[in-house]
Amino acid sequence: MTDDAPSTEPQTPPSPQSRRFSGGTAGYVALAVSVVALGLAAAPYFGGGSGDNVRAYLLQHPEVLQEASLALQNKEAQTRVDQTNAAASANAALLAPDSRDPAFGPADAKVTVIEFFDFRCPGCKAVAPQYRALMQAHPDVRFVFKDWPILDRGEDITSQYAARAALAAHQQGRYLAVYDALMTERALTPDAIDRILAENGVDLARAKATLAAPETSRHIADIHTTAAALKLQGTPTFFVNGKAAASIDPADIDRMIAAAKR
């Protein structure tokens, strides 16, 4: 999962294979301290009864910290997935079809994939092309888009504006074209969003009315409420037939789709 509150977009998006972990450098340092503390507690087992042996070993084998960091990240990610799946299982209505959401594929599809995302999320942008390719590869699957703007801070409302603009495009039958363009745009601004709408055949006057409509505000607020009830930690988050994916890698989503079809 990508960070839920980056201040700026990185020049290079994270790999689609990245796991959901928001600790960053601070998390790694904290883990290092924890591992050293644990090592000191176990020092007698290294011989000599001193933490010096532990320190020397870690200095000679720094990959131990990397392995421990990865193990902790995977464990934390799985814990969050388990919590989300428990919440979804306890209240199936949280992921029930919502006619307001952009959705593509048969309404009676055996498999439904849901994405919670923010148009400024680096991870969302990184996986968007492959995710769209999944839609082409699985025409029998229902794909649902939950526009969940979470990256705005203070007076910055670009994520909110992008979500509203995309929903306005949806009302005019231009959602996927606008989705693709918004995900491709590296530096989203309200002006860039307006340009994207116009370039993709959206009537701006009608779109502006939808942007400001109370119904649009209510729709996005409901998505925030759903995400909170599901205990979601960041974007993108994918569900396949009500089960949260532990990875943002589209290849993993593809495998979940295949399993659900079976």
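The structure contained in this document is the topic of the report that follows. Everything numeric in this text was worked out from a predicted model, so none of it was measured. (Residues numbered from 1 in each chain as written. Predicted model: local features only at pLDDT ≥ 70, side-chain atom pairs only at ≥ 80, totals over all residues. Heavy atoms only, no water.)

### Some details on the sheet that holds strand S4 (residues 237-240)
Here comes step 1: Overall, mixed pairing links the five strands, which are arranged S1-S3-S2-S4-S5 in an open sheet. What marks the edges here is a single partner per strand, and that holds for strand S1 (103-104) and strand S5 (243-244).
Here comes step 2: Strand direction decides the pairing type here: S1 and strand S3 (residues 142-147), joined by two bridges, are antiparallel. Residue pairing across strands places Phe104 opposite Phe143, the latter belonging to S3. (Pairing = 2+ DSSP bridges. Helix = DSSP H or I, 4+ residues; strand = E, 2+ residues; numbered from the N terminus.)

### Here's the deal with unusual backbone geometry
Negative phi is the rule for most residues except glycine; trans is the rule for most peptide bonds.
Here comes step 1: Going from Thr235 to Pro236, the amide bond is cis rather than trans, its omega being -10°.
Here comes step 2: With respect to the helices and strands, Pro236 occurs in the loop between helix H9 (214-229) and S4.
Here comes step 3: The backbone of Lys231 shows a phi angle near 65°, a positive value even though the residue is not glycine.
Here comes step 4: Assignment of secondary structure puts Lys231 in the loop between H9 and S4.
Here comes step 5: Look at Lys231 and you get partly exposed, because its relative accessible area is 43%.
Here comes step 6: Within the chain, Asn241 stands out as a residue other than glycine whose phi angle is a positive 50°.
Here comes step 7: Its place among the elements puts Asn241 in the loop between S4 and S5. (Buried < 20%, exposed > 50% of the residue type's maximum accessible area, 1.4 Å probe, protein only.)

### Some words on helix H7 (residues 190-199)
Here comes step 1: Among all positions of H7, only Ala192, Ile193, Asp194, Ile196 and Leu197 are buried.
Here comes step 2: Looking one or two places after H7, you find Gly201, whose phi comes out positive at around 80°.

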